[in-house]
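# Coordinate inspection notes
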Amino acid sequence: GPNGCRQCTSSHCRKTCEGQVVDSLSAAQNLTGCTHIVGSLIISLKTGSDKFIQPELQQSLGSIQEIDGSLKIVRTFPLVSLNFLRNLRIIHGKKLLFNDNKSFVVAENHNLQELWDWNQRPGSRLQILNGSVFFHYNPKLCLSLIKSFIKEINFTKTIGLLDISEESNGDKFPCKTVNLNVSVLKRYNESVELYIEKPKDKEMFSRYILYYVKSPFQNISYEEPDDCGDYGWKTKDISSDWKFDEPQNITYPITQLEPNTQYAFYVKTYTIDSFALKSGVQYFRTLPSKPTFPTKLSGISETSSSITLKWNPPLISNGKLEKYIIHGYKQKMDLAFYLDRD
């Protein structure tokens with residue numbers, strides 16, 4: 001214009017970057033602040049945990065709005081969702097190879113369970129302007145979520161079985177669940193006993209898995225262990241040694257717990273054809289127990305008829321401390337010890 005060019009200072013400035021393969025967090029950091037990708041973006045992360053990688057990727061890739069070429073999420077082990085690409089609006093699908101017309105590829109992602117949470121995405125929906133989609137070998141990504149995604153973005157191109165597999169998506173995840181009733185039957189200071197009500201018409205489910213973890217606050221969600229990290233959850237296969245109080249119900253103890261401690265737990269069955277029984281996350285607190293002994297006990301005789309005692313609280317209280325009980329007894333003086341003292 002007549003006033004010349006001026007540097008963009010708003011938060012919506014365009015920043016163009018070359019496409020690349022993101023196979024590490026350091027590679028992702030090269031795209032920090034980029035809004036437009038010239039070429040294709042390939043994300044393939046082999047190691048890490050979603051709870052740590054997700055915020056890092058959002059900081060590095062969260063500004064991307066448009067990709068000229070294709071977006072490929074392949075062989076990315078730790079990711080649970082694609083929410084880190086929260087501002088992505090358009091995949092143009094330009095300059096696709098003759099034998100590869102896929103502009104959005106999601107394949108071989110072992111732990112991917114969600115694409116985008118549309119309620120958390122600001123502004124407009126995603127558009128794929130050219131090319132097709134490809135979803136294969138995502139064992140925890142339910143087919144129903146993929147179909148909802150296709151509907152959400154108003155994708156009108158013809159999609160066949162070679163584009164979206166009905167066999168290898170969500171095949172190892174409980175995409176269809178029925179509620180499993182589980183309750184705490186008895187509580188002790190280092191154990192509890194669970195009561196599992198087995199549905200009468202679901203005899204095909206004979207193996208149950210218990211998940212439990214210490215949880216000071218009642219705000220925990222399902223986070224099942226993966227092959228790299230267990231997120232703190234402990235698991236037990238309770239199928240081999242349960243005891244029945246009647247044919248349809250199971251009682252099972254959780255042992256080696258800490259006294260006066262709150263735990264979260266849930267129970268699910270092994271998945272059969274993407275179908276499983278699963279309880280909600282529940283909480284229990286173990287009963288209090290005896291505390292450990294007070295520490296740094298000392299006594300000072302300030303008068304001929306009194307002793308002042310001092311101590312620190314127990315290192316482990318195992319409950320609320322209400323009082324201390326002092327035991328004392330009169331000891332006869334050892335004359336030899338008395339005469340030999342300094």
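Residues numbered from 1 in each chain as written. Predicted model: local features only at pLDDT ≥ 70, side-chain atom pairs only at ≥ 80, totals over all residues. Heavy atoms only, no water.

### Quick word on the nonpolar core
Ranked by internal contacts, the top residues of the largest apolar core, which has 40 residues, are F104, W116, F135 and F149. Looking at this core, the elements with two or more residues in it are β4 (41-43), α2 (50-61), β6 (71-74), β8 (102-107), β10 (132-136) and α3 (143-152). Of all the elements, α3 adds the most residues to this core, at 4 residues. Ignoring anything within four residues of it in the chain, the contact list for W116 reads L82, N83, L85, L88, F104, R121, L126 and F149. (Core = buried A, V, L, I, M, F, W, Y, C linked by side-chain atoms within 4.5 Å. Buried < 20%, exposed > 50% of the residue type's maximum accessible area, 1.4 Å probe, protein only. Helix = DSSP H or I, 4+ residues; strand = E, 2+ residues; numbered from the N terminus. Contact = heavy atoms within 4.5 Å.)

### A closer look at the environment of L210
Positionally, L210 belongs in strand β14 (residues 208-214). Exposure remark for L210: the relative accessible area of 0% places this residue in the buried category. Leaving out residues up to four positions away in the same chain, L210 has contacts with L194, K234, T235, K236, I238, Y252, I254, F265, Y266 and V267.

### Let's talk about α3
Along α3, the residues that are buried comprise L143, I146, F149 and I150. Along the long axis of α3, the arc covered by the buried residues comes to 120°, so they all point the same way. Where α3 is buried, its residues contact β8 and β10. Positive backbone phi, approximately 55°, marks N154, located one or two places after α3. (Arc of directions from axis to C-beta.)

### Topic: the pairing of β6
The sheet contact formed by β4 and β6 spans 3 bridges and is parallel. Bridge assignment links I43 to a residue of β6, and that residue is I73. Where β6 meets β8, 4 bridges bridge the pair, whose relative direction is parallel. Across the sheet, the residue bridging to V74 is A107, located in β8. (Pairing = 2+ DSSP bridges.)

### A short note on the sheet that holds strand β3 (residues 36-38)
Strand order in the open sheet formed by 5 strands is β1-β3-β5-β7-β9, with parallel pairing between adjacent strands. Because the sheet does not close on itself, it has two edges, and the strands there are β1 (16-18) and β9 (127-128). Pairing of β1 with β3 involves 3 bridges; the strand directions are parallel. Residue pairing across strands places C17 opposite I37, the latter belonging to β3.

### Considering the pattern of salt bridges
For the structure shown, the criterion picks out 5 salt bridges. Residue E108 pairs with R75 through a salt bridge whose shortest N-O separation is 3.3 Å. Within this pair, whereas E108 is found in the loop between β8 and β9, its partner R75 is found in the loop between β6 and β7 (90-91), the two being separated by 33 residues in sequence. Overall, the relative accessible area of 40% leaves E108 in the partly exposed class. Among the residues examined, R75 registers a relative accessible area of 43% and is labelled partly exposed. (Salt bridge = Lys/Arg side-chain N within 4 Å of Asp/Glu carboxyl O.)

### Details of the sheet that holds β8
The strands making up a sheet are joined through hydrogen bonds of the backbone, oriented either antiparallel or parallel. Read across the sheet, 5 strands follow the order β2-β4-β6-β8-β10 without closing on themselves; strand pairing throughout is parallel. In the strand order of this sheet, the two ends are held by β2 (21-22) and β10, each with one partner. Bridge count between β8 and β10: 5 bridges; the pairing is parallel. Among the inter-strand pairings, K102 is bridged to a residue of β10, identified as S132.

### Side note on the state of the cysteines
Under the criterion given, the structure shown has 2 disulfides. A disulfide bridge connects C17 with C34, and the sulfur atoms are separated by 1.9 Å. Here the disulfide of C17 and C34 is left-handed, its torsion about the S-S bond being about -80°. With a gap of 17 residues between them, C17 in strand β1 and C34 in the loop between α1 (25-29) and β3 connect regions that are remote in the sequence. Between the sulfur atoms of C142 and its disulfide partner C175 the distance amounts to 2.0 Å. One disulfide, between C142 and C175, carries an S-S torsion of -95° and so falls in the left-handed class. You can see C142 sitting in the loop between β10 and α3 and its partner C175 sitting in the loop between α3 and β11 (176-179), a full 33 residues away along the chain. Looking at C142, the relative accessible area reads 6%, which means it is buried. (Disulfide = S-S within 2.5 Å.)

### As for a nonpolar patch on the surface
Side chains of L297, I307, L309 and I326 sit close together on the surface and give an oily, nonpolar patch of about 430 Å² of accessible area. Tracing the sequence through the fold places I307 in strand β22 (residues 306-312). The exposure class of I307 is exposed, given its relative accessible area of 59%. (Patch = residues over 30% accessible without salt bridge, like charges linked within 9 Å, V, L, I, M, F, W, Y side chains within 5 Å. Areas by Shrake-Rupley, 256 points an atom, 1.4 Å probe, with all protein chains shown as cover.)

### Here we look at the packing of aromatic side chains
A full pass over the atoms with the stated rule returns 12 aromatic pairs. When the ring of F104 is compared with that of F135, the centres are 5.8 Å apart and the planes differ by 85°; the resulting orientation is edge-to-face. With a gap of 31 residues between them, F104 in strand β8 and F135 in strand β10 connect regions that are remote in the sequence. Residue classification places F104 among the buried residues on the basis of a relative accessible area of 0%. Taking the relative accessible area as the measure of exposure, F135 reaches 0% and is therefore buried. Each ring, one from Y263 and one from F284, has its centre 5.5 Å from the other, and the planes form 20°; the classification is stacked. (Phe/Tyr/Trp six-rings, centres within 6.5 Å; stacked < 30°, edge-to-face > 60°.)

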